[in-house]
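# Structural description and commentary
Here's the letter readout for the chains.
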Amino acid sequence: MSWLPGITTPLAAWLFALLVPLVVFYFLKLRRPRMEIPSLALWRSVIEDQRVNSPFQKFKRNLLLLLQMACLCLLVLAAMQPFVRGGAEQATYLPILIDNSASMAATDAEGRSRLDVAKDEVRDIIDNLLSDQRLTLISVSDSAQRMTEFTDNRRVLLDALDAIQVADVPSRPEEGLQLAQALARTFEISTVRFYSDGNLPTRPDGAGKPMAVVDFDLPFDLQFHKLDEPAANIGITAFNARKSGQDRWDVFVRIEGSTAGQTAAQVELSANGEPVGSPESVVLEAGQSQRLVFRYDSADAASLTVRLQPDGTDSLAADNLAHLELPISRPLSVYCPSELVSYRHSLEVLSDIELSPGSDAESGGDPGVVTPGLGAMYDLVISDQAHDRNLEASTSFITGLVPEDVQSLMTVEEGLAEVIDWQRDNRLLQHVQFADMDITEMPTLADGVEEAEFEQLGYEILAHGNTGPLILQRREGPNLSFHLLFHTDRSTLPYRVGFPVLISNLVALAREQANLSDVRGAPTGVLPSMVLKPEREYRVTGPNESSATQSSNAEGVLKGIAAREVGTYAIREGSQIVQQIGASLLDATETSLHGVDEIHFRELTIDATTEAATTDRPLWPWLAFAAFGVLLGEWWLYLRRPGGVPA
Amino acid sequence: MPETTTQFTSLLPNDVLARVERMRLNPLRRKTNHSRGEHLSGKGGTSTEFADYRDYSPGDDVRYVDWNIFARINHPYLKLYKHEEEMHVVLLVDASRSMQFEGKFELARQLAAAFGVMGLFNVERVSAYSCSEQSADPLILPPCTGRSSLRRLLTFLEELPGGGEFPIEAAIEEALKRHRGRGAVVLLSDFLTLGDMTRSFNLLHSAGLEIFALQILSPTELDPELTGDLRFVDSETNQTLDVSSVGELLGLYHEHREALSNHLAALCRKRQGRFLTVSSEEDVKSVLFDRLLRRGWVR
């Protein structure tokens, strides 16, 4: 029967044995003071009259004893720690996951953020924590952080709860669930409680509706407490720029509104603090979005900032500001040996390219005085020479050579190979037709080698031949490399229409790699890698004066800088700012504030509940309070003066 | 230098004593002895105070014939005079241990002295009894009259010992065994006894004594301020009584105390007696010259 209160410490019932000495001591009247009076005559008659006339005389005579017994019983019951069973099953070890992603900062009509609402509910659980229960708090955004060990210390838990702040990053519940799963190996965890607004990464289901899918096997019962959806919101979900000509950028800003209602805002773009153009007014119906295009002419590097000034309700402030770092405008530096005539022909017709070696100046791989991006000597290296593989380039395209680490997996045989399949949606191979192409070299997999072994080495197979892979792609840090395992001169590829398309795709990719054509606003989470001086210590200062120290590696790459808040991050060497970079939320899901009602896991679906969890409520404070009241009553009764004493 | 005055007795201040000497007991009934005294009897007598006329009857003493009337109307009439008889004032002082609380016994002796002085100064016979130990005979002041007995009376009262467990009803019976004569009895006690006073008052009434009962109670008995659980110990018998939540019973205690007073008053009233409860913290002047005077006990 669930309405019966539970008992946490049944052994405390032994304390009821204290009733025996209480009664014994009461009747022994050990502390009854003696008082000599002239005569007992009157008091005898009083006592006899009381015994005769009062039907509840025995009760009244022992009322003090009864009150003392009641007080003791209440205290013993309090020591037994009874509790009223809540709807949720009691769990001894209970991890509580609290979503602190950006959307949790969205406020309701009363100005309370959803994180505050979640905190209130968790605070209620902590306040009603039973003596045998242990909680651990885990904040979940794009990563999970365990705020406390399993503890029943209310002060520690409340401090940890207060320490949870909103991070301006998207939500990834897998991280928190994996952490809880790891804890389940050490502790007996049957239930995990997850407080979230349901604003999780989604993908469309069969009917096109957004569906939150979490790739995770639940080893425990998950209670998903969804918080109420807040008021309307408008925010920036994309901020990028594309080079549209010599020293000219088209700046794209996407503004999206939540589904809660109509929203409006003024959009202002500024470069290095100076306004660019006039502010644009945007009025969005529920769930709509609008793309704005600004034109910005500059050959120099610039920091662009787009700011949203909402007209009316706006629940989330983090998505009203976005940053974009524009690089210096320069031509793409490409190295291509003179022997690769077909490549050079295709490159020469493309604009804004500085090709090396030049037709009359360079002849043997001297990089010259180019200023490529990301610290590389070239932006793009196209070569069939083994020694050119050592050239520094953000993008490299090697043909006719098998990478050294792959040589044990395959050989290049003599024979006729053909392309069986290729990734048509890959940026490099878009609109490139490989069908019926003849290749007179036959890259062949070694015996017993699986294609998965290429993936283990970091290669992605873009094109498959009849005997093995033909084209590999590898991303190594900031650098991107393509490897054609056959020489194009030994194929019909240079004579096909797709060849200049392939080169054009390659140049476009190289421009992107060098941030020369398309620049995207850096999202919060982790800042993009930067190439600075090697093996130096840098101090990174965040928007809220948060500070961290990070060292660059031997290549001068500084990476892994956490950016949990929207704003500008300054990288300092000593006191000098060497680079500034802005981080923006730029997440359509977070801006939409849409909360899913169910989460699909691999094997089951968890429905959300919007009602506050009915926790087990301890009764001991009430019992202790009642005992105190009875004690006061007993004391008052003991001391009270008679009424109506004649003068 | 302040003027020092020698007190005649330790019981009463001189000014009280002087005023008491001019007062006299005021009984409701005329219970007097045949011996001559200063209390006028209902019967005709030989005092100088004229009472009435009546027809002469043969055998009457011709000395009381009013010859002036006989001379005018030629018919003998006899002049009648009021008879002054002696009244016996009995003082019964309870000296048991129950009276030894908060000045009860002291007030009893003072009042006894006052009533005794009134008797002696009004040419009445005054005797006194005091009961304390049940095993011993009561202390007795034999009947005495006249101002010359004043010192004896006061000395007797001053030297009265206290203590003992003599109950007041037994003390009355013991006194009546030794007493002769009609008059008034002044009972000075707290009347806190487990026995019945009805028989005692009947005996006093049948002995021709008008009852003047003064119940003297201490402030603690009149208005106790007690709380908690107590073990009461009887001062006379050393018996104990455990009472819980005394504070709760105080209301009932007051009812019983008033009921006892009312019961004693009713017993006295039925026997043409009087009853009054006084507090031991009251001043003897206040009792004598205010309460007793206004109630007509003395005049």
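Residues numbered from 1 in each chain as written. Chains lettered and ligands numbered in written order. Predicted model: local features only at pLDDT ≥ 70, side-chain atom pairs only at ≥ 80, totals over all residues.

### Thoughts on the overall build of chain A
From N to C terminus, chain A includes twelve helices and 39 strands. Looking at chain A residue by residue over its 647 residues, the buried ones come to 37%. The long-range share in chain A, meaning contacts at least 24 apart out of those at least 6 apart in sequence, stands at 71%. (Helix = DSSP H or I, 4+ residues; strand = E, 2+ residues; numbered from the N terminus. Buried ≥ 20, exposed ≤ 12 C-beta atoms within 10 Å, placed from the backbone. Contact = placed C-beta atoms within 7 Å.)

### A closer look at the overall build of chain B
The number of helices and strands found in chain B is nine helices and ten strands. Within chain B, the proportion of its 299 residues that are buried is 42%.

### Regarding helix H3 (residues 104-121) of chain B
Residue and element names in this part refer to chain B. Across its 18 residues, H3 extends 26 Å between first and last C-alpha, which sits within 8% of the 26 Å expected from 1.5 Å per residue. With 16 of 18 residues buried, H3 is to be regarded as a mostly interior element. Just past H3, the residue Val123 takes up positive phi, approximately 55 degrees. (Expected span 1.5 Å × (residues − 1).)

### Topic: the packing of H3 of chain B against helix H4 (residues 150-158) of chain B
Residue and element names in this part refer to chain B. Contact pair H3 / H4: the axes reach a minimum separation of 10 Å and the direction vectors enclose 165 degrees. In terms of orientation, H3 and H4 fall into the roughly antiparallel class. Here H3 and H4 pass one another in a crossing that is right-handed. Between H3, through Arg109, Ala112, Ala113, Gly116, Val117 and Leu120, and H4, the contact on the second element is made entirely by Leu150, Leu153, Leu154 and Leu157. The class makeup of the residues in the contact of H3 with H4 is eight nonpolar, one polar and one charged. (Axes fitted to C-alpha atoms, helices over the stretch in contact; angles between N-to-C directions. Parallel < 35°, antiparallel > 145°, perpendicular 65-115°, else oblique. Left-handed = near helix turned anticlockwise from the far one by under 90°. Nonpolar A, V, L, I, M, F, W, Y, C, P; charged D, E, K, R; others polar.)

### Structural notes on the sheet that holds strand E16 (residues 302-310) of chain A
All names here are of chain A. Pairing in this open sheet of four strands is antiparallel, and the strands run E14-E13-E16-E17 from one edge to the other. Of all strands in the sheet, those bounded by a partner on one side alone are strand E14 (274-284) and strand E17 (321-326). Strand-to-strand twist of the sheet, defined as the mean angle between neighbouring strand axes without regard to direction, takes the value 15 degrees. (Pairing = 2+ DSSP bridges.)

### Here we look at the sheet that holds strand E7 (residues 191-196) of chain A
Residue and element names in this part refer to chain A. The mixed open sheet is built from nine strands, whose spatial order is E6-E5-E4-E7-E10-E38-E37-E9-E8. The two strands at the open ends of the sheet, each matched to only one other strand, are strand E6 (144-146) and strand E8 (202-204). Adjacent strand axes in the sheet meet at a mean angle of 30 degrees when their direction is disregarded. Two strands pair when backbone bridges link them, and strand E4 (residues 93-99) and strand E5 (residues 134-140) are joined in this way by seven bridges, in the parallel orientation. Counterpart to Ile98 in the pairing with E5 is Ser139. Packing against the sheet, helix H7 (residues 173-184) makes contact with E4, E5, E6 and E7, and its axis sits at approximately 150 degrees to E5.

### Quick look at the environment of Ser149 of chain B
For Ser149 of chain B, the position within the fold is in the loop between strand E5 (139-144) and H4. In this structure, the C-alpha to C-alpha distance between Ser149 of chain B and Leu120 of chain B, residues 29 residues apart in sequence, is 7.2 Å.

### Concerning unusual backbone geometry
Residues Ser356 of chain A and Pro357 of chain A are joined by a peptide bond in cis, for which omega reads -15 degrees. For Pro357 of chain A, the location among the structural elements is in the loop between strand E19 (353-356) and strand E20 (378-383). Although it is not a glycine, Leu586 of chain A sits at a positive phi angle of roughly 45 degrees. With respect to the helices and strands, Leu586 of chain A occurs in the loop between strand E36 (576-583) and helix H11 (588-592). One non-glycine residue, Asn238 of chain B, lies in positive phi territory at about 60 degrees. Mapping Asn238 of chain B onto the fold places it in the loop between strand E8 (230-234) and strand E9 (240-243).

### Quick notes on the interface of chain A and chain B
Taken together, the 30 residues of chain A in the interface contact 34 residues of chain B. At the level of secondary structure, the elements contributing two or more residues to the side of chain A that touches chain B comprise strand E2 (34-37), helix H2 (41-53) and helix H12 (620-639) of chain A. With nine residues, the single largest contributor to the side of chain A that touches chain B is H2 of chain A. Here the residues of the side of chain A that touches chain B sort into 16 nonpolar, five polar and nine charged. Summarising the sheet, E2 of chain A and E8 of chain B pair through four bridges and their orientation is parallel. Among the inter-strand pairings, Arg34 of chain A is bridged to a residue of E8 of chain B, identified as Arg231 of chain B.

### Some details on the nonpolar core
Of all hydrophobic cores here, the largest spans 82 residues; its most connected members are Leu91, Leu92, Leu111, Ala112, Val185, Val186 and Leu188 of chain B. When residues of this core are assigned to their parent elements, the largest contribution, eleven residues, is made by H3 of chain B. Filtering out sequence-adjacent residues up to four positions away, Val186 of chain B remains in contact with Val89, Val90, Leu91, Leu92, Ala112, Phe115, Phe212 and Leu214 of chain B. Counting residues in each nonpolar core, the second largest holds 77 residues, with Ala212, Ala241, Val267 and Leu269 of chain A among its members. (Core = buried A, V, L, I, M, F, W, Y, C linked by C-beta atoms within 7 Å.)

### Some thoughts on the environment of Ala265 of chain B
Relative to the helices and strands, Ala265 of chain B is located in helix H8 (residues 246-270). For the pair Ala265 of chain B and Gln215 of chain B, spaced 50 residues apart in sequence, the C-alpha separation works out to 9.9 Å.

### Topic: helix H10 (residues 498-513) of chain A
Residue and element names in this part refer to chain A. Between its first and last C-alpha, H10 extends 22 Å over 16 residues, near the 22 Å set by a 1.5 Å rise per residue. The complete set of buried residues in H10 reads Leu502, Ile503, Leu506, Val507, Leu509, Ala510, Arg511 and Gln513. Lining the buried residues of H10 we find strand E18 (332-335), helix H8 (341-348), E19, E20, strand E21 (393-399) and strand E27 (479-484). Asn515 sits one or two residues past H10 and shows a positive phi near 55 degrees.

### Some details on the pairing of E5 of chain A
Side-chain positions along a regular strand alternate between the two faces of the sheet. Taken across its seven residues, E5 of chain A has six buried, putting it largely inside the fold. Note on the crossover from E4 of chain A through helix H5 (residues 114-127) of chain A to E5 of chain A: the handedness is right-handed. (Right-handed = clockwise from strand over helix to strand, strands pointing away.)

### Things to note about the pairing of E7 of chain A
Residue and element names in this part refer to chain A. Of all six residues in E7, five are buried; the element is thus mostly enclosed. Here three bridges tie E4 to E7, and the two strands are oriented parallel to one another. Of the residues in E7, the one forming a bridge with Ile96 is Arg193. By the bridge criterion, six bridges tie E7 to strand E10 (residues 221-226) in an arrangement that is parallel. The partner of Phe194 across the bridge, within E10, is Phe224.

### Regarding the environment of Arg178 of chain B
As for its position among the elements, Arg178 of chain B is in helix H5 (residues 168-178). Sequence separation between Arg178 of chain B and Pro138 of chain B is 40 residues; the distance between their C-alpha atoms is 9.9 Å.

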